[in-house]
Structures are given as structure tokens and as C-alpha cells.
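Overview (structure and organization)
Take a look at the letters that make up each chain.
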Amino acid sequence: MISEAKLVSLAREYGTPLFVYDGALMVERYRDLFRFIPSEALRVHYALKANYNPALLTLLRDAGAGIDAVSPGEVALALALGFEKERIIYTANNMTDAEFDRVMQSGVTVNIGSLSRLKKCAVSHPGSRICLRFNPDVCDGDNAMTMTGGDLTKFGILLDDADEAARIAASGNLHIIGLHEHTGSGLQHAESVLKSMDNLMAIATPERFGELEFLDFGGGFKVPYREDEARIDYVGMGRQITAKFDAFCEKYGKKLLMRFEPGKYLAAECGTLVIEVNTIKHNRSRTIAGCNSGFPQLIRPVLYGAYHKITNLTNPDGKPALYDVCGNICETGDRFAEQRELPEIREYDLLAIGNAGAYCYSMGSVYNLRPMPAEVVVCGDDVIDFRPAESEAELVARVLRK
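Residues numbered from 1 in each chain as written. Predicted model: local features only at pLDDT ≥ 70, side-chain atom pairs only at ≥ 80, totals over all residues. Heavy atoms only, no water.

Our next topic: the packing of helix H6 (residues 115-124) against helix H7 (residues 162-171). Describing two packed helices takes the angle between their axes plus the distance from one axis to the other. Look at H6 against H7: their axes get within 8 Å of each other, and the N-to-C directions meet at 15 degrees. With respect to their mutual orientation, H6 and H7 come out roughly parallel. Where H6 crosses over H7, the handedness of that crossing is right-handed. Where H6 approaches H7, its residues Leu115, Leu118, Lys119 and Ala122 are matched on the opposing element by Glu164, Ala165, Ile168, Ala169 and Ser171. Partitioned by chemical class, the residues of the contact of H6 with H7 number 6 nonpolar, 1 polar and 2 charged. (Axes fitted to C-alpha atoms, helices over the stretch in contact; angles between N-to-C directions. Helix = DSSP H or I, 4+ residues; strand = E, 2+ residues; numbered from the N terminus. Parallel < 35°, antiparallel > 145°, perpendicular 65-115°, else oblique. Left-handed = near helix turned anticlockwise from the far one by under 90°. Contact = heavy atoms within 4.5 Å. Nonpolar A, V, L, I, M, F, W, Y, C, P; charged D, E, K, R; others polar.)

Okay, here's the thing in C-alpha cells:
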């Protein structure tokens, strides 16, 4: 982990707000999964949507990771960074015909999640090798908006429609080389992972899908966000996953590859957003610490009610008090934390918002025409990449298309 002193030093050098990423930690989290799941069949495809910083992606590429892409743009970025097409799977929902055709032409594996799209594929791309995404009928995750299984989700073909999917595929001589499911983000229960595996494997019979090369069980591995939150026993879960998959392969009649697609687990803890306090305001019962960043640069607290640890980097020994840590955006809900106990915050103190590596910069916007922050990637003591923030002039020129 990057030390607090190092964060202060980087903020002084590069300015704030500043996203700081620990590249070595991200690679370590990638390698964790191979320690947790002791199977030669395991392949890890990083969910690029979590964080698309090119330097981080390059580190993962060199470590052997594949890519889970969810848009043509993500496919294009992965290919441009040197990921072989065989290491990329494209899973999109409600894609247009043009998007689908464009990605099919790239040669990456396309993961289809509806009978509608499957029928179109059978007509427009007969003989293709594809993957099918199924709804695992298991609902889990740390927020209702990121649960991707169960009756209310838009994702995946119903398990009940497996025979119909096989029939449609046969009509276009489509080769189903993989089956996929994803239960949700921030999975709370190990049994949910195992149950969703069971449900997918139940339909993966040689009679129905006899050309399988892999099963893909999605991502959603949880990381602790709160200080008192325990880490999941992934070692124990990994043993169960391995045993379950080995038993399936023996029953299926050949060894398949086992894929997982983590995003948050690899990226979240490697990132920190360093911000500066510029205003202290006492509003009767509330003390507001106003900062030089806002929810367009880290939206998860506003969007999901997500908790992110906040550290006072420059006054860590101050007397504790309660603060609303607020941003600089014209919205009342623009808060990184509400009634959070922190060491005394003074104007010009630097605050570090933790677990800012996943779904923070990648979900960012330029609302209020405030440019996204700079990014710096550190490995050990060395800065290996710096991406400056867009200036206001550059942003305005882009809006005016000049």
C-alpha cells in the first residue's frame, strides 16, 4: 500500500484532486485469485469497466490477464494495448446491430445474453463461435442496483430457455464454446457463488452444448470498504470452487477452462483520491468540510450510498470531530461522507479517499464543466505513469469541438 507520506508528497508534486494508483498492489490482487483457486483451468479476465487506466491495464496484460469488455470502445482499447483477441470476451447488453457486427469482425469472443440477439446472430453470422450468458437465478451483491441475477435483472437468458437457445444456435450452425453467468457486484455470501455455479453447470450438458471450451462465472468478488469489515475467506471458497468445477468436468467428459471476471477485487484497493479542503463552514448542527473535488469525480457515495474510508493526511493527530465532507458541485447531495468522525479538519488539509481504484474515475464525468483529475501510477517507490488533468481551456475547446 502507498504510505500516507507518499500520498502527501505526490499531491504536493502533481496537485489535487489526484487519483493515485498502486500498480504493484493491483497485480498482487490478480495473483491472489490463483492462490485462492488452485486450479490449472483458471483464467482471469479483468473487468475493464472498473478502471481503464492504460498503465494499469499494461501491468495486467504483462501479468497474463485477459479482459472482460462491455462495449466496442473497451474492446478497441484492449486490442490497442496489445491484448490478444483470444484473451478478450465481449459481454454487452442491449447492443445495436452495428455494435454487434463491429465486435464480431474483431475476432474476440462475443457473449450473447438474449434469445433475440442469438436469433439475429444465427442469421447474420452463421457458423460463428460464441458464448451464451445465462441468468443464474441467484441474486446477491452489495447494492440492489448492481445485482445481476434473479427475476428483476435485464441480464442473461433464462435457464429455462436453455433448450431453445441450443435450438436457435443449431439453426445457424453456431458453435457454443462457452457459457457465462454473473450474479452481482460485491457478493456477500460464498454460497451464492457456489449456487450460481451449480445452476449454470446443470444446463451445461454434452447433449445440449457439446462443444464447450470454458465456463465463465463472472466476477463480483468483494473487498472490505469499512474499517471494521472482515475480508472474505476466499481460500476456503476457492477450494470449493475447484472441487465443484473438477467434478463437473469429469461428468462432462473433458477438461474445460474456468473463467472469472473480477473488476473491483483487482482495482478498488489500489486507488486513492487525494483532495484538498478549501472551506470550513459551521452550519448550526453540522460542520462542513468543503473540498476541491465532487461527485462527478467519485460518484459511488451519491449513486449507491457507498462508504469510502477518509483519512486526514495532514492533521492525523487532530482532535476528532464530526464532519460532512462535501464537494464543489452545485448539488446538495454532493457529499463524500456525512457525519463522519475525523481528526480535526482545517482549511488546506489534504484528505485521502480510500478504495477509489474501481468504479470511480471510470464512472466520472465533467458535470459543471469541471475536468476529471490527474492520475498517477506508482510501483514501489517509482512513478511509472502520470496522466495530467484536462485544463479548463482544453475542456471548453472540446465542448466547442475546436
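Okay, the nonpolar core next. With 104 residues, the main nonpolar core has Leu132, Phe134, Leu179 and Leu215 as its most contacted residues. If you tally residues by element for this core, the top one is helix H9 (residues 234-252), at 7 residues. With residues up to four places along the chain from it excluded, the contact list for leucine 132 reads Asn111, Ile112, Leu118, Ile157, Ala165, Ile176, Gly178, Leu179, His180 and Phe209. (Core = buried A, V, L, I, M, F, W, Y, C linked by side-chain atoms within 4.5 Å. Buried < 20%, exposed > 50% of the residue type's maximum accessible area, 1.4 Å probe, protein only.)

Below, the discussion takes up the pattern of salt bridges. Under the definition given, this model contains 22 salt bridges. We note a salt bridge from glutamate 229 to lysine 222, for which the minimum N-O separation is 2.8 Å. For the salt bridge of arginine 231 with glutamate 269, the shortest nitrogen-to-oxygen distance reads 2.9 Å. Highlighted residues: arginine 231 in the loop between strand E9 (214-216) and H9 and glutamate 269 in the loop between helix H10 (264-267) and strand E11 (271-283), separated in sequence by 38 residues. (Salt bridge = Lys/Arg side-chain N within 4 Å of Asp/Glu carboxyl O.)

Next up on the list: unusual backbone geometry. Across the junction of threonine 16 and proline 17, the peptide omega takes the value -5 degrees, indicating a cis bond. Among the secondary structure elements, proline 17 is positioned in the loop between helix H1 (4-14) and strand E1 (18-22). With a phi close to 65 degrees, asparagine 368 is a non-glycine residue in the positive phi region. Within the fold, asparagine 368 resides in the loop between strand E16 (350-353) and strand E17 (374-379). Located in the positive-phi region is leucine 369, a residue other than glycine, with phi close to 50 degrees.

Mean pLDDT for the protein chain: 93, with 95% of residues reaching 70 or above. With pLDDT under 50 throughout, residues 141-149 is counted as low confidence; its partners more than four residues away or in other chains account for 32 contacts. (pLDDT = per-residue confidence, 0-100.)

Let us now look at the packing of aromatic side chains. Inspection of every chain in the model, using the stated rule, returns 17 aromatic pairs. A centroid spacing of 5.7 Å and a plane angle of 25 degrees characterise the contact between phenylalanine 36 and tyrosine 234, whose relative ring orientation is stacked. One end of the pair, phenylalanine 36, is in helix H2 (residues 23-36); the other, tyrosine 234, is in helix H9, and 198 residues separate them in sequence. Accessibility assignment for this pair places phenylalanine 36 and tyrosine 234 in one class, buried. Within the aromatic cluster, the residues linked to one another by ring pairs are Phe36, Phe217, Phe221, Tyr234, Phe245, Phe248, Tyr252, Phe260 and Tyr265. The ring of phenylalanine 100 carries arginine 117 above its face, with NZ or CZ at 4.9 Å from the centroid. Residue placement shows arginine 259 over the ring face of phenylalanine 214; its charged tip is 3.8 Å from the ring centre. (Phe/Tyr/Trp six-rings, centres within 6.5 Å; stacked < 30°, edge-to-face > 60°. Lys NZ or Arg CZ within 6 Å of the ring centre and 35° of its normal.)

You can see arginine 300 is positioned in helix H11 (residues 300-304). If we skip the residues at most four places from it in the chain, arginine 300 touches Tyr225, Lys264, Gly305, Ala306, His308, Ala358, Tyr359 and Cys360.

Turning to H1, its buried residues are Leu7, Val8, Leu10 and Ala11. Projected down its long axis, H1 shows its buried positions confined to an angular sector of 165 degrees, all on one face. In H1, those exposed residues whose orientation departs by more than 90 degrees from the buried face are Ala5, Arg12 and Glu13. Its buried side turned inward, H1 meets E1, E11, E16, E17 and strand E18 (382-387). Two residues or fewer past H1, glycine 15 is found with a positive phi of approximately 85 degrees. (Arc of directions from axis to C-beta.)

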